[in-house]
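Chain by chain, the residues:
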Amino acid sequence: MRISRSTLKIFRDIRRSRWQFVAVAVVIALGVAIFIGSYGSFVNLRSSYDRTYEELDMGDLWFDVADAPAAVASDARAVEGVIAADGRLVVDLPVTVPAIGEGPIQARLSTLPGDDRPAVNDVKVTRGDYFTGPGQVLLEQGFADFNDVPVGDAVRLQSTDGAVIELTVVGHAVSPEYLFVARSERDLFTPPSSFGVMFVPYEELAPALGLDERINSLSLRLDPSVDAQAISLEMSAFLEPYGLGAVHDRDTQLSNQLLQLDLDGFESLAVVFPILFLVVSSLAIYTLLNRLVQSQRGQIGVMRAMGYSRGQVLRHYLGYGLVIGIVAASAGVALGYAIATLLTQAYGSFLTVPFISTQANFGVLAIGFAAGLTASLIAAAIPAWLSAGVRPAEAMRPPAPPAGRHMLIEKLLPPLKRLPGVVKLPLRNIWRAPSRTFYTAFGMAAGVSLVLVAASFLDSYDRAIDLQFGRIQNYDARVNFVAPFPTSLADEADGIERVRDAESLLEVPVELSTDGGRHATLLQGLEADGDLLRVYTPGGDRLEPAGGLLITTVVANLLGVEEGDSLNVRAVVPGAQAVSLTVDGIAQQPLGDVVFARLDTAQALTGGQPIGSALLVSFSGDPTPALESQLYALDGAGSIDFTSDIRDYLDELNSLFLVFTGVMLIFGVALGFAIIFNTITINTLERQRELATMRTFGTGIGRLASMLTIENVVMGVIGVVAGLPIGYALAQYFAQFYQNDLFDMPVVIYGRTYGIAAAGALIVLLLAEIPAVRFVRRLDLPAVVREIAT
Amino acid sequence: MTDLAASPEGPALAAGRKVLVRLEGVSKIYGAGATELRALDGASLDVYRGEFIVVLGPSGSGKTTLLNLLGGIDTPSEGRIVVGGSDIGRFSDGQLTEYRRRSVGFVFQFFNLIPTLTAVENVELASDLLKEHREPRAVLEEVGLGDRLDHFPSELSGGEQQRVAVARALVTDPPLVLCDEPTGNLDEETGKKVLGVMRELGRKRDKTFILVTHNSVIGEMADRVVRLRDGRVASITVNETPAEPEEINW
Ligand SMILES: Nc1ncnc2c1ncn2[C@@H]1O[C@H](COP(=O)(O)OP(=O)(O)OP(=O)(O)O)[C@@H](O)[C@H]1O
Ligand SMILES: [Mg+2]
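Source: prediction; values computed, not measured.

Calculation rules
Residues numbered from 1 in each chain as written. Chains lettered and ligands numbered in written order. Predicted model: local features only at pLDDT ≥ 70, side-chain atom pairs only at ≥ 80, totals over all residues. Heavy atoms only, no water. Domains from an automatic or database assignment. Near = heavy atom within 4 Å. Polar contact = N/O pair within 3.5 Å; in protein donor to acceptor, adjacent residues only side chain to side chain. Areas by Shrake-Rupley, 256 points an atom, 1.4 Å probe, with all protein chains shown as cover. Helix = DSSP H or I, 4+ residues; strand = E, 2+ residues; numbered from the N terminus. Contact = heavy atoms within 4.5 Å. Buried area = accessible area lost by both parts, 1.4 Å probe. Salt bridge = Lys/Arg side-chain N within 4 Å of Asp/Glu carboxyl O. Axes fitted to C-alpha atoms, helices over the stretch in contact; angles between N-to-C directions. Parallel < 35°, antiparallel > 145°, perpendicular 65-115°, else oblique. Left-handed = near helix turned anticlockwise from the far one by under 90°. Nonpolar A, V, L, I, M, F, W, Y, C, P; charged D, E, K, R; others polar. Core = buried A, V, L, I, M, F, W, Y, C linked by side-chain atoms within 4.5 Å. Buried < 20%, exposed > 50% of the residue type's maximum accessible area, 1.4 Å probe, protein only.

1. Observations concerning the domain arrangement of chain A
Splitting chain A by domain gives domain 1 (1–58 + 250–386), domain 2 (90–210), domain 3 (433–471 + 646–790) and domain 4 (477–622). In this structure, domain 1 of chain A and domain 4 of chain A have C-alpha centres spaced 50 Å apart.

See the structure below:
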């Protein structure tokens, strides 16, 4: 079957202006690819977690108890809807890991059956073996990797009676409960150098703790069809006599909750950012097709006069959008699939997810394809609609030459008239073809703002880290104590060689309440004239607590309070009374959920003793084993967090975000490049008649090229100037997707970034002049003139 | 020649011939008030099946406007244009499309061809619209372009392009063919050839041709010559014995 001539015309027209069509197709393909790449890897990541939970029998309910007989697990198993139950001991103990240093670190020890796999919360052994005999331990893989603890090494833990138990590392393992390792809700960013998860045989730990046949943690797997809430209540009542503590389901299981938070932000970005791309790309298609329809008014008239109906003409011009859409969306699907696979593999290698799924998700591919096609068709709809409205009799009258006009500014500024023609003509053209000026400026603005949005992620992250570690956290190490210590210990620490300064910090879990609501958080009591932990306003001014509280912007919003208001503060310790404190100021806190007060205020909340719970220490030079052991020698020191470790750890934690952002930036740059290139090329191509005519009059190529360049640069500068604030506004909008209660990043774009984006856009614009000038040079004058005649 | 301006139907002509299109006091008005311009001003004319009409008149006298109205690509401001009993001035867009598709062939003064389609493809663009149509290549051969079928418009001379346009108008075999300056770019010989093709088709297939031209000599081969002046039908001249195209002196 032969294709209809109107369809053939579409292909021929596209071939004739192939570079313009290729350029817009690239733009759409990039939009589709970034959607599939980011959303596809989001879906892969989510299903990798799900698969891991599935394969490793992740629990559905967790119950902490003070002390219960191991037999409660069998009782739980008898409950209708419970598939499996597992009782174990979970304790935090100081453990010495020689690979890290002499001093103990804090370890979360979780028991597993020595002779068998657990029925709930199994582990995947990634290196070495599962327990084969007594005296063995499995290390959580992230911890082992971070600290380079090989299989075969030893760790030492102290039992309650003071005896030292030496355990051999028999393997590294990943646990579904610790895909994201955090000490507690209050202490999320715990570097693996001072906190780690270890799995020991129950038969090993229970006797050491004097807890034979006892458990303090029960986890259950449930039949998916049952009411988890009801079972949770039933089990809670059953466990009440054993000192029931926290009860968690998956939604509140810490690791899962944090992953979910991460995934949610990722998902929003993976949707919204591509939408921005597609919107910008459909504007590019719209521009192209709109100009096509304008330039084909005569042809449309002829077709209508021949008897093509309005609908046929409309479909004809929609056809251009359809062809671009199909080609571009297909290319985008292929590219996006490759990106999703690469990204998934990349993060699979640095996240400790044992089961990675990289399967093509046909739903995502189909949505990406449909989105690309729809964007193209929507973009084609308006030009197509306009084409169908063309009145044939009018369309076929010879086009009136554009009205020659003096520019208004020429009247206002007469000296402009004396400008040389090579400058004056381009300025007049800009004035005379406002829609072209608008499109060009718009293309530049879109390119610049896309780059700025992507770059703002990196700048904001950089600024947050800088704020946290360059200004707020002014200490080099934080020594955590197993029990509160007298503040006089700070003087002792001051005396250690190389220590410059030591300050006491008292951390108190508190509940803040107002009429508007309540919020549980951690209060940090700071020494009155201390300098190691500083607090700043969002504007960057130093804040110091008087007798009241400094709260973060996040908490202020949550509770609806302002500076000067008062809050009820209650320490979450038995018997503590609520006191009313004034809000002394509102602080910007990029990481974590904390509030601040003076040390004495914090002490008053917990009974008025002059105590601290951690020491902040600054020292000269790098941390050394000698310094470390002197700090551990302080009475009651439990673990040390070095600021440099936390900083490294944060970069690692955020690597997914950073990789994703990097990819976005590359795409933003590519898209910006394509759009600017596109606009400039179209500008030149659509004027081939005008240019050919000028050449037949004898205008030299050099002169034409300079005029074109001046014209485009002036329009481009207008676009760049508009694009900078647009980019900032868009960055503000996008920030909401990665900000949450735990990570409150200020939105910043560095001056340097503005400069690079603007300069880059202008360079692309100048590069785009190269094909334009070549095009002018190669213009087939006779052919163009002949077509003018028709 | 007889001047029939007073009685446009002319008894001799009216006898035994069917009216294809009847214009009754048709006006086309552009603008309003002071800038009002009557491109056509109360024109009346009967067009018979199978006749060959040449329309003459100075530039701006309304010739193209008249053709556009007859061809259904423009609508009159006043008056009626009756085809087969209905007033096409009251046609919906769909009806007009159907009318243009089946009943009219157009050769335009400007904007002839689609630049990205070859000669034969340009003709096929029109024939695509109808199931029943003439063979595009054959029609192109008739107008003397058998060896230019696969050339693009930019590879054809002005006259060749004009002939492609003529072939495109004829390929759907319409009863009414409207030509705006079809010979304007042609040399004498080719011009005569194209006119000969039209004349013959008109006779053989009983087609009506209305041809606008500035070349008054072409009037010699017409059945009737309509002269326009300021949008009015100034005169209608009947040619009892039209000349053959090859006999006229360009
Ligand atoms: N869309 C329009 N708006 C305003 N005036 C118009 C329009 N179309 C035609 N006219 C005017 O109507 C008059 C008749 O135009 P038309 O094109 O019919 O002339 P013509 O006889 O074909 O002339 P030529 O021999 O130069 O082609 C002219 O004065 C023209 O300026
Ligand atoms: Mg005309």
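So much for the structure itself; the text now carries on.
2. A word on the site of ligand 1
Residues and elements named next belong to chain B. Lining the immediate environment of ligand 1, one finds 14 residues, of which S59, G60, K63, T64 and T65 sit closest. Contact between ligand 1 and G60: an oxygen atom at 2.8 Å from a main-chain N or O atom of the residue. Within the side chain of K63, a nitrogen or oxygen atom sits 2.8 Å from an oxygen atom of ligand 1. For ligand 1, whose accessible area on its own is 630 Å², the fraction buried by protein is 72%. Elements that contribute at least two residues to the shell around ligand 1 include exactly β3 (37–48) and α2 (63–70).

3. Thoughts on the interface of chain B and chain A
The interface is formed by 31 residues belonging to chain B together with 33 residues belonging to chain A. A combined buried area of about 2900 Å² lies between chain B and chain A, and 60% of that area is made up of carbon and sulfur atoms. Seen at the junction of chain B and chain A, the total is six salt bridges. At the surface where chain B touches chain A, the tally comes to 13 residue pairs in polar contact (both at pLDDT 80 or more). For the side of chain B that touches chain A, the secondary structure elements donating two or more residues are α3 (93–103), α4 (119–127) and α6 (158–170) of chain B.

4. Digging into the packing of helix α2 (residues 18–55) of chain A against helix α7 (residues 254–295) of chain A
Residue and element names in this part refer to chain A. Look at α2 against α7: their axes get within 9 Å of each other, and the N-to-C directions meet at 165°. When the axes of α2 and α7 are compared, the pair comes out roughly antiparallel. In the crossing of α2 with α7, the sense of the turn from one axis to the other is left-handed. The class makeup of the residues in the contact of α2 with α7 is 26 nonpolar, seven polar and two charged.

5. Observations concerning the nonpolar core
Core analysis: the biggest nonpolar cluster contains 169 residues, and F273 and F734 of chain A together with V21, L140, M198 and I210 of chain B have the highest contact counts within it. With 19 residues, the top contributor of residues to this core is α7 of chain A. Judged by nonpolar contacts, the second largest core, of 62 residues, contains L61, V72, L220 and A490 of chain A.

6. What about the environment of T64 of chain B?
Residues and elements named next belong to chain B. Take T64: it is sitting in helix α2. We classify T64 as partly exposed; its relative accessible area is 30%. Linking T64 and V212, residues 148 residues apart in sequence, is a C-alpha distance of 7.7 Å. Every residue in contact with T64, bar those within four places of it in the chain, is listed here: Q109 and D180.

7. As for the pattern of salt bridges
Across all of its chains, the model carries 40 salt bridges over all chains by this definition. For D60 of chain A, the salt bridge identified is with R250 of chain A, shortest N-O distance 3.5 Å. Separated by 190 residues along the polypeptide, D60 of chain A in the loop between α2 and β1 (61–69) and R250 of chain A in the loop between β11 (244–249) and α7 bring together distant segments of the chain. Residue class for R250 of chain A comes out partly exposed when judged on its relative accessible area of 27%. Notably, a salt bridge pairs R80 of chain B with E24 of chain B, separated by 3.1 Å at the nearest N-O pair. Here E24 of chain B lies in strand β2 (residues 19–30) and R80 of chain B lies in strand β5 (residues 78–83), a separation of 56 residues in the sequence. We classify E24 of chain B as partly exposed; its relative accessible area is 31%.

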